[in-house]
Amino acid sequence: MWAARTPGIPDGEFERDEGVPITKEEVRAIQVSKARIRQGATVIDVGCGSGSVTVEAALQAGEGAVVHAIDSDARAVALTRSNLARFGVAAEVHHADARECLPQMPEADAILVGGMGGATAEVLGLCAGRLRAGGRVVVGTILVETLADTLAAVRGLPLEGLDITQVTIAKSRETPAGTMMLARNPVTIVSASRAGAP
C-alpha cells in the first residue's frame with residue numbers, strides 16, 4: 001500500500017480512533033530518522049497508540065526485522081494491528097504495561113517511546129537495559145514535566161550522544177479567504193545511544 005521508502009506517511013492514510021493518539025506525520029518522520037533504523041533491525045515501539053510509528057519502523061527495518069509494539073490500551077492494540085494489516089507489515093503487538101513487558105523483550109537496535117504512563121524513569125531504565133550497544137532510544141514528549149523527567153532519567157543511564165530537538169509544525173488549511181497556517185503543539189524529541197561500540 002505504501003511504496004515510498006521515506007518516513008512520514010500522511011496521517012489520513014492510517015485508520016484512526018479519536019480516543020487513541022497518533023504521532024503526527026512530520027514529527028513521526030523526525031522520530032523515525034533519529035532512531036537510525038537499519039535493514040533487519042529489532043525495534044520496539046513503547047506506547048504504540050494508533051500504530052503509526054510501529055508501521056513506519058517496520059517499513060524502515062524491512063525484511064528480516066523483528067518489531068514489537070506495546071500499549072496498555074486495548075483500543076490502541078486493536079488499532080495498531082489494523083494499521084499493520086492495512087500497510088502489509090508485521091509486528092508483534094502486546095497488550096501490556098510496558099514495565100511488565102519490556103523485561104521480556106529481545107535486545108533491540110532501536111526503541112521509540114511515545115507513552116510511559118507517568119513512569120518515566122522506570123520505563124527509560126528498562127529501555128536502556130534492552131538496547132544493544134550503539135542502539136538508539138527516541139522519546140517524543142509534549143508535556144514540559146515529561147521532558148524534565150525524561151532528561152533527568154536519560155542523564156542517569158548508560159546513554160551517550162544526547163540530542164534534544166524541539167519541533168513546532170504548522171499545517172495549511174484552506175478557507176474561503178485563502179490558505180491559513182494552523183500551529184500544532186510543540187513536540188520535544190529526546191534521543192541517545194546505548195554506550196559502547198555498535
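Details of the structure are given in the entry above.
Keep in mind that this is a model prediction, so the values were computed, not measured. (Residues numbered from 1 in each chain as written. Predicted model: local features only at pLDDT ≥ 70, side-chain atom pairs only at ≥ 80, totals over all residues. Heavy atoms only, no water.)

Caption draft 1: Region of the structure containing helix 2 (residues 52-61). In terms of burial, helix 2 is largely enclosed, as 10 of its 10 residues are buried. Of the positions making up helix 2, those classed as buried are Ser52, Val53, Thr54, Val55, Glu56, Ala57, Ala58, Leu59, Gln60 and Ala61. For helix 2, the secondary structure elements touched by its buried residues are helix 1 (25-35), strand 1 (42-46), strand 2 (66-71), helix 3 (74-87) and strand 4 (108-113). A positive backbone phi angle near 65° is found at Gly62, which sits one or two residues after helix 2. (Buried < 20%, exposed > 50% of the residue type's maximum accessible area, 1.4 Å probe, protein only. Helix = DSSP H or I, 4+ residues; strand = E, 2+ residues; numbered from the N terminus. Contact = heavy atoms within 4.5 Å.)

Caption draft 2: Main features of helix 1. In terms of burial, helix 1 is largely enclosed, as eight of its 11 residues are buried. Looking only at helix 1, the buried set comprises Glu25, Val27, Arg28, Ala29, Gln31, Val32, Lys34 and Ala35. In the core, the buried residues of helix 1 are packed alongside helix 2, strand 4, strand 5 (131-141), strand 6 (159-167), strand 7 (170-175) and strand 9 (187-194). One or two positions beyond helix 1, positive phi appears at Arg36, with a value near 55°.

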